[in-house]
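# Structural description and commentary
Here's the letter readout for the chains.
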Amino acid sequence: MRTPRDFARTRARTRRKFVEEAALGVAGLGLLPAAAWSCREAPDVGESEVGSSNPSSVPATGTGLVYDPRYLDHVLIRADGGHPPEIPDRLVRIREELVARGLDEATVPLAPAAEARPHIAAHHTPEHVASIHELEVSGPVAELAVSGALTAIDAVVAGQVRNAFCAIRPPGHHANNTGAEEGFCYYSNAAVAAKYAQQVHGFERVLVIDWDYHHGNATQNAFYDDPSVLFFSAHDWAAYPRTGDPALTGEADGSGLNINVHLDCGATDADMLGHWDDTLSPAVAAFDPDFVILSAGFDSRVDDLLGCFALTDDAFRRMTRTAMDYADTCCEGRVVSLLEGGYNLDGTALATAAHIETLLEG
């Protein structure tokens, strides 16, 4: 069983290895532009209604793990009685793997405590919120998922942890304002969290990276003309919800800040990571984020029930490490990761564990 001390001992060695590999690019396919790793110093963040940014000059350490057993209460049943694969066992199997690797003890437990309702209401229409609220079990659990995301933001801003992973459900990156579940999603967790980081904690620019097999259409829609959010989604354009055209790059003041990358069925680690080298890294350098949010969908992993990519756990380690490097360079390491898709129970658990192990490297 690995302990926090084990991770501390391996941190420097892993960091040295990453720096050596960075010279070859994320995918080992070519040299990254020097500017890709050079962001301006982030501005100071003032007082907020929840608290202030970490006043200490010593960087925060540790990885938070948001979880609540009530996330298991939500069960999605179709009108015909069928059960989609977004099931409670997703979290059960993830927690089993984390316990087996000692990651439950290596992380800092965070119970969802932030008041989510006003922030949901500020993002979604009253009609949508009222409709979801009427769902006896799923409505409150969907609200609790948003609370988990906001709690992670609070913990990172307060310096309680350096980064955090939210083992939450239902997912959120397909939730628009239809008044119903869309793609297993009810509220747009990542979008609400991004606005919360800005409006409550005063951060100006938020980077949202979505590596789910499916396009994060609701996140795109939330920020399509917004110059304060850089959204990157690498997905299969032909899959649900059949959005994510690479030609859609934002509009008005947000022009150029919506990045859609299509990957074909069978896409490999090198295919995914090559787009980070060629497209995402230069965009991050130009944007200079103050906060990084990950829509961590593990249905892009090989053998998923609803995806057809061939990504391995190493890809998730590399994407995580690179996202952390963006944050280390631009915004004092501030990263919050939210579980989105992932429907092969064992595969999702293994990829999640690899993701959290990398977050723990700091």
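Let me begin by describing the structure that accompanies this report. (Residues numbered from 1 in each chain as written. Predicted model: local features only at pLDDT ≥ 70, side-chain atom pairs only at ≥ 80, totals over all residues. Heavy atoms only, no water.)

### Comments concerning the state of the cysteines
Enumeration according to the criterion identifies one disulfide in this entry. With its sulfur 2.1 Å from that of its partner, C265 forms a disulfide with C308. Taken as a pair, C265 in the loop between strand 6 (258–262) and helix 9 (269–287) and C308 in the loop between strand 7 (291–296) and helix 10 (313–330) lie far apart in primary sequence, 43 residues in all. Here C265 falls in the exposed class, since its relative accessible area comes to 53%. Classification of C308 as partly exposed rests on a relative accessible area of 24%. (Disulfide = S-S within 2.5 Å. Helix = DSSP H or I, 4+ residues; strand = E, 2+ residues; numbered from the N terminus. Buried < 20%, exposed > 50% of the residue type's maximum accessible area, 1.4 Å probe, protein only.)

### Some points on the nonpolar core
Of all hydrophobic cores here, the largest spans 100 residues; its most connected members are Y71, I153, I209, W211, W276, F291 and I293. Among the elements that line this core, the one with the most residues is helix 6 (residues 138–157), at twelve residues. (Core = buried A, V, L, I, M, F, W, Y, C linked by side-chain atoms within 4.5 Å.)

### Looking at the side chain of H128
Inspection of the secondary structure puts H128 in helix 5 (residues 126–133). At 2.7 Å, the side chain of H128 and the backbone oxygen of Y186 are in polar contact. (Polar contact = N/O pair within 3.5 Å; in protein donor to acceptor, adjacent residues only side chain to side chain.)

### Thoughts on unusual backbone geometry
The omega torsion of the bond from R169 to P170 falls at 0°, within 30 degrees of zero and hence cis. Note on placement: P170 falls in the loop between strand 3 (163–166) and helix 7 (189–199). Note the cis peptide between Y240 and P241, where omega equals 0°. If you check the backbone angles, D288 has positive phi at about 60° while not being a glycine. Tracing the backbone through its elements, the reader meets D288 in the loop between helix 9 and strand 7. The exposure class of D288 is buried, given its relative accessible area of 1%.

### Overview of the packing of helix 10 against helix 11 (residues 345–360)
Following both chains from N to C, one finds helix 10 and helix 11 inclined at 30°, their axes separated by 9 Å at the closest point. Comparing the axis directions of helix 10 and helix 11 gives the class roughly parallel. Where helix 10 crosses over helix 11, the two elements pack in a sense that is right-handed. For the pair formed by helix 10 and helix 11, the contact residues are D313, F316, R317, T320, R321 and M324 on the first element and L350, A351, A354, H355, E357, T358 and L359 on the second. Considered class by class, the residues forming the contact of helix 10 with helix 11 number six nonpolar, three polar and four charged. (Axes fitted to C-alpha atoms, helices over the stretch in contact; angles between N-to-C directions. Parallel < 35°, antiparallel > 145°, perpendicular 65-115°, else oblique. Left-handed = near helix turned anticlockwise from the far one by under 90°. Contact = heavy atoms within 4.5 Å. Nonpolar A, V, L, I, M, F, W, Y, C, P; charged D, E, K, R; others polar.)

### Some thoughts on the environment of T151
With respect to the helices, strands and loops of the structure, T151 is situated in helix 6. With a relative accessible area of 10%, T151 lands in the buried category. Expressed as a C-alpha distance, the spacing of T151 and A116, which sit 35 residues apart in the sequence, is 9.2 Å. Dropping the residues within four chain positions of it, T151 is found in contact with A111, P112, A113 and A114.

### With respect to the environment of E96
Here E96 is to be found in helix 2 (residues 89–100). Taking relative accessible area as the criterion, E96 reaches 46% and is therefore assigned partly exposed. For E96 and A349, which are 253 residues apart along the polypeptide, the C-alpha to C-alpha distance reads 8.1 Å.

### Focus: the packing of helix 2 against helix 11
Two elements in contact, helix 2 and helix 11, have axes whose closest approach is 8 Å; the angle formed by their N-to-C orientations is 50°. Between helix 2 and helix 11, the angle falls in the class oblique. For the pair helix 2 and helix 11, the sense of crossing is right-handed. Here helix 2 contributes D89, R90, R93, I94, E97 and L98 to the contact with helix 11, which in turn contributes L345, D346, T348, A349, L350, T352, A353 and I356. Grouping the amino acids of the contact of helix 2 with helix 11 by side-chain chemistry returns seven nonpolar, two polar and five charged.

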